Each structure stands twice: as structure tokens, then as C-alpha cells.
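# Topology and contacts: notes
Chain by chain, the residues:
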Amino acid sequence: MAQNKDKNTIEYGEPVGMLAAQSLGEPGTQMILRAFHFAGIESTIATSGLPRIVELVDARKKPETPITFIYLTGEYKRSVGKAEQTLKKVSEVRMGIVVRRILENFSKGIIKLVLDAQVLKANELTPGQLAQKVAKKLDARTKVDKDGNILVKLKTKKLTEVRSTSVKLMKDVVQGVEGAGKAVLQKDPKTGEFYIIAAGSNIGGIMDIEGVDKSKIYTNDVFAMCRQFGIEAARNTLVRELDTTLREQKINVDKRHLMLIADAMTYSGTIKGVGRHGLSGQKQSVFAKAAYEETVKHLVNAAAFSEVDYMRGVTENILVGKQIPLGTGSVHLAIKKEDMQKVKPKK
Amino acid sequence: MDGKKTYVYLNGKAIGYITDPAKFVYEVRSARRSGKISGEINVAYSDKLDSININTDRGRIRKPYLIVENGRSRLTPELNERMKKKEINFSYLLRNGIVEYLDAEEEENALVAIDESSITNATTHLEFDLTAIFGLSANLAPYAEHNAIARQAMSVNYMKQSEGLYATNFNQRFDSRTYVLFYPQAPLITTVPYEALDVKRHASGQNLVVALSTYYGYNMADALVINKAAVDRGVGRSMFYKSYTDEERRYPGGQRDRFKVPPATSEGYMGEHAYSKLSEDGIIEPEMAVDEGDVLIGKVAPPRFLEENIGASGLEERMRDDSVVLKPGENGVVDSVLFTETPGATRTVKVRIRSLRVPEKGDKFASRHGQKGVLALLANPEDMPFTESGIVPDILLNPLSIPSRLTFGHLLEEIAGKASALSGSILDGTAFTESGKDRLKKYGEILTQAGFDVHGDETLYDGMTGRPFKAKIFVGVTYYYRLYHMVSNKMQVRSRGKVQILTHQPTEGKARLGALRFGEMERDALVGYGASLLLKERMLDQSDKTAVLICRQCGGMGYYDHIKRIQTCPMCGASALAEVEISYAFKVLLDEIRSMHIMPTVKLKD
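What counts and what doesn't
- Residues numbered from 1 in each chain as written.
- Chains lettered and ligands numbered in written order.
- Predicted model: local features only at pLDDT ≥ 70, side-chain atom pairs only at ≥ 80, totals over all residues.
- Heavy atoms only, no water.
- Helix = DSSP H or I, 4+ residues; strand = E, 2+ residues; numbered from the N terminus.
- Rg over C-alpha atoms; globule rule 2.2 N^0.38 Å.
- Buried < 20%, exposed > 50% of the residue type's maximum accessible area, 1.4 Å probe, protein only.
- Pairing = 2+ DSSP bridges.
- Domains from an automatic or database assignment.
- Expected span 1.5 Å × (residues − 1).
- Contact = heavy atoms within 4.5 Å.
- Buried area = accessible area lost by both parts, 1.4 Å probe.
- Salt bridge = Lys/Arg side-chain N within 4 Å of Asp/Glu carboxyl O.
- Nonpolar A, V, L, I, M, F, W, Y, C, P; charged D, E, K, R; others polar.
- Polar contact = N/O pair within 3.5 Å; in protein donor to acceptor, adjacent residues only side chain to side chain.
- Core = buried A, V, L, I, M, F, W, Y, C linked by side-chain atoms within 4.5 Å.
- Disulfide = S-S within 2.5 Å.
- Axes fitted to C-alpha atoms, helices over the stretch in contact; angles between N-to-C directions.
- Parallel < 35°, antiparallel > 145°, perpendicular 65-115°, else oblique.
- Left-handed = near helix turned anticlockwise from the far one by under 90°.

## Description of the overall build of chain B
Per the secondary structure count, chain B includes 13 helices and 32 strands. In terms of overall dimensions, chain B is more spread out than a globule: its C-alpha atoms have a radius of gyration of 35 Å, far above the 25 Å expected for 606 residues. Dimensions of chain B, computed from the C-alpha atoms along their principal axes, are close to 105 × 85 × 60 Å. With 606 residues in all, chain B has 43% of them scored as buried.

Here it is, written out as C-alpha cells:
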């Protein structure tokens, strides 16, 4: 065991960052740019492959396809009916989906919402409910006509205001959690338990819903995880997402490389990308920054603020032609000149 | 009509509107077909945009089609008969509205049938031939329909790179670089377009006996083993011609260049030896063997910068040597020298060097199916496998090159080539003319009649032991190109050499006798390995190491005063400076920063 431990311990001076970068970068060249795969349901196809890796490493604020896995508690995960109740509360339905057509009467200040009866039925909504919601939201009088359409009487007759209200109205959430996205019910084939997949990442809103297991909720949106559970969770999410994305393409990268990258991105308490605005841009050395991107900008700043380069990194030492402080270059003689006198061999 | 307006655009400009687009388009087309308007006019109706585009401008790609009317091709059997008897020609068909050219836009309105049997009532045009789905050059390779399209595209590229008899007057021409194959052969397997274009007059390959066999690992991964005896008999042998040109330029002020052996006093004189092969007029003689560094055309030019005191010694001695020198790594024999004058009465000299290119290890070959390979071994014929009839293959091609690349045309050509050689007749390999099955059957019959295996397999005997191989090996005849990528033109070595003036780093590129770049990723690899001293050696010691004097007091750069024999710092006047090794590139960086009135200082640590 002691042997094993030694074998698995990184030695002093080992350039782990470079190794991590190479270990992630090289397989990246082999990845298919946009892989097609049809696992899961149509609405929940997530970005995968290289675009996803780039998204994670760049620390984009919003992922291209946010997905939330919502696990349920007790009763809810066993019965379809109960699970569907939760699903209904989660799944985001916007006005634009239930409304088939909008007719605006500018001279009277009336908006007529022609509803799609099928969609209404599928979401178990009635025109009356909707009318009430609209009335509350807009503080206006609403009426349901004989064809089951909603008439909204606005207080204003101004053309621009009528139009902007109707546009805004379409974006209103009529059911479910805002930002949760469209959700679908899934059944775990092994345990037979139900869970929900949502195409959004507002986990804060979702967590408050009855039946949702707060301890197991997971989203691929690193920033959402960070907001809800803190930086440690974000770091773990990063590792997990990188790992699964690579695994999907059958690329084997040691998890410890990914962990190092995730650590480097999150150690400061906020999520930073690896590029110009993130890790590379926050290097201490002027030369290292100037050698990467925006050379002139960094040199001008350094000159203006009389910056000092302490020559501690790799890039700057190669630039001037010194031995790099890594690997074999990381060891020095730790003895003072004066002390050398004392160890002088006797004649 | 419902009064709907359809706009008409002539070469992109709106010129008016009409109300019945279908009728309008029909009328324009009929006028074109009957010759009332030019055949170069194309008209297209776009129903999405509800607009008509008439194009008459240049630069459109157009393609001829047979016109189909009422479900029948306008090229009637009678006309076809007359075509065959050569009573009428293609332009007759064009004039009489049997054939018309469509551009990309009008093609959108056409429904083209690929053959007569697939014509329906909606069909408007008929393709001349199925092979039209390939371009002309793709059709020069046989069995194109049996290859993956990517390979077919590569095959066309290799055809462009092949050596052959590009022009029959090649020895009268002064092309800057050309190759001429010694024994070009017409392929045994041709195609109809190949014959129609008469490409065989300028053939660019040879029919070689190919065995699909390994040979002691010498033909792994697209390497080729070629029979040395075959090369000695002329396989792939070619001549490389390269022309050097120079002229006597005139300069403002009445000065001009002069062809002559430069005097030893001229600027940039390269030493007596370099000019030893020149004749009295300063130009080299034909049939003179030349090597790198030899002067081909001796020329002196006036100095670049005029000095103030041009003394009595005259201009002649001040002339600059501007001779044409044979480039590094090149050699050969002077083939021909051309001495002429341009219309502006400038004397011009062209010198053509010829150099033999016998196939050697590292030269590139390719078949007509995108199967390229690099010669890796010139095997002795006595060591190579031979067939029952004693034939030693010219090329041993690794069988693994075939399945993953899906170039079945290569196999088909090989077996057809064999059949062709045995029957003594040129065979046709035009795409889509016959099914692969029928072809195989036909070739199989020829092979069996000649006493060979139907599939082209043969028992090979090991040249070293004389024992037969257990497996039957596929042997056939395939047309091979020799491509103009040759090691002798590319090989270059350097241990020490020139550096760039600005950075003191080694030069780049073969022409400048450069070094190989130790790039960013190579750097990363060494960093990743932690080999700090090796990295330093590459980036500094073997590159642009310089020693500079750094002032311990002010951090500026000092110099060694050779008169006073002391080190001096021009900034603070200190005289004890530290000698520091840095890269010259970094020194240049510091200099450039200083040139912008910014003072970078270097703090030293012991």
C-alpha cells in the first residue's frame, strides 16, 4: 500500500497544469465537432462533444442547453399521478404556447387572445383561469367570450403601449416555474421510480415545489449550481460535466486532470474561464500575459503602473532564456554562501 | 390573368414586370431554341420569389443538355444516326434547338432525366451520359463508380501531380520547373473521355505489374516496395528541368547591368572557384555539369548606393556581383542556354538545367484510384516473390491499403489490366457502362482462357527460399503515376548555420538553409516533462543566446569600452557590471520598449 501511495503521488515540481491542459487538449482534437446522438427525448438533447467542453471551460454564463434533473420524494416518485402533479407545477408554460393568435384593436384598446384548445387541454388549463391570471398581471378587465377566447380591455389606447403589452403578455408564464423550461416525466428502468427532466435551470424555483427532493436536484448549468449550492458544488458540477461529456465520446481522460482544471477555475470563489478574461488574463507576470493575448495592452499597463515581473512562471522564463522553475528546474541549493565556508573540507 | 405582377430582372437589374411568368419564360426559351435570340441567354423563374431572372452576363458556369419535349428527346434516332455518320456535328444540334446550355439558375427550373428510360412527362431535359455526374478529369480514371468519392477526388489531384510527356516540344521550352517521364505509356484500361480527349498522346504513367502482398514490413502504411530491376529498366525514371533567367537591367542615370565574369574587385565576389565554369562571356556553356553554389550567369550590377566620391578608378571596380547561382541542394547538367533580347532591347539569358531523377527511397507514386504511396525499398528482384511463369512484380502494394479506403476500382483495374495484357487489347473502364459483375465475368473469362485464375490470384514463390507461399496472392497490371514530390528536391539538413539579423534566431525554410522550428507545442511537451535544462538548451543555447552587461545599480544595459578597457553603464556611469545571458529576442524587446521612452530595468539576484 505504501508503494502504491508513492506511485500515485505526484512529485514535487511536476508540471501538473501543463499535463492537465495537454490531457484535455489532445483528445479534444479527436472529438467530432458536433456529435449526433439520440439518447433521451427529443426536447432534452443536450449540447455534447467539443462545443460543450468549450462552453464549460470558457465558463459561459448560460449553457446552450440547460437541463435539470429533478428527483422526487417518497410518494411522488412512486405514483404516476403524484409525479404528474409535480411535473405540472414545474413545467414552464408560456402564454405564447397556449395562444394561437393575437388580435389587437388599437382604437378600442382591446387585445383578443385566440386560444389553442388542444394545447389548453394538454396542460389542463381553462380559459377562465388564464383570464384571471391576465387580469391580475395587467390590472385590466378581462372577459371570456363564447368561443372560449379571452378579451382584454386595456386602460390605454396608445398604439405602442397596446403592442408592447401584447408582446410582453406572450412571454408570461401561465403555469409552472419560470426558467424551468419544458419538463417531461421519466421513469428509471432499474428502480421504477419517476423523475423529471426539465430544459431549464432555475433550480431555486424548482426546489420549493412540493415533492421535489432538494438533496438530489442537479443541473448541468454550473452557474445555477453555484448560485444555489455554492462554489464547491459548482466545482463538482464542472468535473462531472467534463467527465460525462468526454465519456460520451469514449475518450479517457483521468478525472484528476479534470479536477485540477475545475479547481483552478473555482478556487477564487467565483467561476472563471480559462481564457483571456479568466485564468490566463489574471496571471501575475506581465510577460506571460503579453505573450498570450493583447500584447500591447499588457505592456502599456505595465509601463503606466510600473509593474514588476518576478519571473516566477514558465512563459516569462523561457522568454528571457532562463531555466524554468518547474521539473528539474524547481530544485535549488538551499545553502548560503557564508555557510559554504564552514563546510570547506580540511586540507 | 389576376393582374399579379412578376418582376423581371436582367442581369440582376429590374427592367419591368409581366403578368404571366410561365408564358414569358416559355417564349424566351422558344426564341432561344429557334435561334431568334442568342443561345447564351438564360432565363429562370423563381416561384419562391415570384421573379424572373434573365442572365446574359459572363462568368456563369453552363452545361449542355439534350432538350426533351412531350416525353421524348429531341435527339431522334435518325439524328443520332446522322451524328454517327458525321453528317452533322454538335453545333448543328445547338443551332437547331436539340441541345441547349443551362446555367445554374435556369437549371433550377429543369427536370433532368439521367437516361432515356427514365423520361417522364414532366422531364424537360436529358443528360448526355451518366458519366456527366463526374467532371472531365474524374472521368479519365477507370471504374470511377467503384471508388469512394473522396478517393476519386484525390485521384484527380494526383493526376495533376503526375510526371509525363506534358508537351512534345519540351526541349524547346524554358519552363521554370518541369518533369518529363522517360517512357510514358498509354494506360491499358482507358475510358471514353480519355480516348475522346486523346490524353494518351500526353500519357503520364506506366502500366506496372502489381502484387497485393506484404514484404518484410517494408510496405506498411502506404509505403511501396518497387522492383529494382524494374527501375533499372526505366520504371518511373524522369528528367527534371529547371530554368534560371536573368537580364541586363537599366537604371536611371545611364547605368546598366553587364553579363560577364565578375572581377575579383566587385562587391560580394564569391571567389574564383564559383565562376570557374563560366565561359568568357560570363554565361555557362551547355553540357557543363553544375553543382550547388556554381554560378550559371555571371553578372555585375551598379552599386546599390551611390557614394559621393567616384574616383578615377571608374565605376567598373565598384560594381556589385549580381550573378545567378545554382540553389543549395541542386545539381545537374546545363541542358540549354538561350540568349535573346526583349522588345525593350534588354539582353536576357535563360539557362536550363537538367537533372536525372531515378526513383529512390522517399519518392511518391500513385495509382488512378487515390492510392498513393512512398517508395520505401528498392528490392532486389532475386529476393522478391515471383509467379509460376517467372514474373517478378514491379510493385508490392500492401493489401491493407484497400479495404478501409473502399477503392474497389483499384482491384478492378488490376484484374482488367491483367486481362488486357493477356488478350493484347486495350479495355474500357468508363464509369456506368457495365456492372461490376459483368466486367469481372468478362475479365475472368480472358484470364481462364490464358490459363490464369479467374480472380487474378496466383501462387507466388518466395524469392529467398524458393518455396511457394501458402496464400494465393492477387497479381495484376495497374497504371501508376510517378508524382513530382521527390526527396531529392526536399531533403535538407543543418547543424549550424545562418541566423536572422533582427532576432539572432536560426533562419526558417529550405531555401535559406534553415533550421526546424521548435514550436509552441514542442515547448509544451518539454515543460510537461519537466526537462528544464533541455528546454533551455533548445530555446536559448541552440538559438539566440547573447551575453549583455547589466548595471547592478540602475538595472540598465551597459557596454564594454574597448578603448578604456572597462565596463560602463551609460545611465549611471557605474563600471562594475554583471554579464547576464539572455535571449537576443528579449534584448530586442527591451530595446524596442526603450525606444518608446519607457525604461525597463532588470533587477539582478545572486
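## Digging into the sheet that holds strand β15 (residues 258-259) of chain B
Residue and element names in this part refer to chain B. Judged by pairing direction, the sheet is antiparallel, and its 3 strands sit side by side in the order β15-β18-β19 without closing on themselves. A single partner strand is all that each edge strand has here, and the edge strands are β15 and β19 (320-321). Pairing geometry for β15 and strand β18 (residues 299-301), over 2 bridges, is antiparallel. Opposite Arg-258, over in β18, you have Val-300 as the bridge partner.

## Quick word on the domain arrangement of chain B
Here the domain parsing of chain B yields domain 1 (6-128), domain 2 (140-237 + 361-482), domain 3 (239-305 + 315-357) and domain 4 (544-595). A straight line from the C-alpha centre of domain 3 of chain B to that of domain 4 of chain B covers 45 Å.

## Considering helix α8 (residues 127-138) of chain A
Here α8(A) contains 12 residues, and its C-alpha end-to-end distance of 16 Å stays within 8% of the 16 Å for a straight helix at 1.5 Å per residue. Backbone geometry just downstream of α8(A) places A:Asp139 in the positive-phi region, at approximately 55 degrees.

## Some remarks on the interface of chain B and chain A
Counting residues at the interface gives 19 residues for chain B and 19 residues for chain A. Buried area between chain B and chain A, summed over both chains or domains, comes out near 1,600 Å², and the portion from carbon and sulfur atoms is 70%. In this assembly, chain B and chain A are joined by 0 salt bridges. Elements supplying a minimum of two residues to the side of chain B that touches chain A: α11 (520-529), α12 (532-544), β32 (577-583) and α13 (584-595) of chain B. Residue composition of the side of chain B that touches chain A, by class: 11 nonpolar, 4 polar and 4 charged.

## Remarks on the side chain of A:Thr219
Residue and element names in this part refer to chain A. Note on placement: Thr-219 falls in strand β10 (residues 218-219). Among the polar contacts listed, one links the side chain of Thr-219 to the backbone oxygen of Ile-67, at a separation of 2.8 Å. From its side chain, Thr-219 meets the backbone nitrogen of Asp-221 in a polar contact 3.2 Å long. With residues up to four places along the chain from it excluded, the contact list for Thr-219 reads Ile-67, Thr-68, Gly-200, Ser-201, Ile-203, Ala-224, Met-225 and Thr-237.

## Comments concerning the nonpolar core
Membership of the largest hydrophobic core comes to 38 residues, with the highest contact counts inside it found for B:Tyr215, B:Ile226, B:Ile395, B:Leu397, B:Tyr443 and B:Tyr480. Elements that contribute at least two residues to this core include exactly β12 (206-212), β13 (223-227), α7 (228-232), β24 (372-379), β25 (395-397), α8 (408-423), α9 (436-449) and β28 (468-482) of chain B. Core analysis: the second largest hydrophobic core is formed by 22 residues, A:Val222, A:Val253, A:Ile261 and A:Met265 among them.

## So, the state of the cysteines
Residues and elements named next belong to chain B. Within this structure, the stated rule accounts for 0 disulfides over all chains. With no disulfide partner, Cys-554 has as its closest neighbouring cysteine sulfur the one in Cys-569, 3.4 Å distant. Overall, Cys-554 belongs to the partly exposed group, its relative accessible area being 25%.

## Quick look at the packing of helix α2 (residues 16-30) of chain A against helix α13 (residues 255-266) of chain A
A pair of packed helices is captured by two measures, namely the crossing angle of their axes and the spacing between those axes. Residue and element names in this part refer to chain A. Where α2 contacts α13, the two axes come as close as 9 Å, and the packing angle between them is 115 degrees. In terms of orientation, α2 lies roughly perpendicular with respect to α13. By crossing handedness, the relation of α2 to α13 is classed as left-handed. From α2, Val-16, Gly-17, Leu-19, Ala-20, Ser-23 and Leu-24 reach across to α13, where they touch His-257, Leu-258, Leu-260 and Ile-261. A breakdown of the residues in the contact of α2 with α13 according to their chemical character gives 7 nonpolar, 3 polar and no charged.

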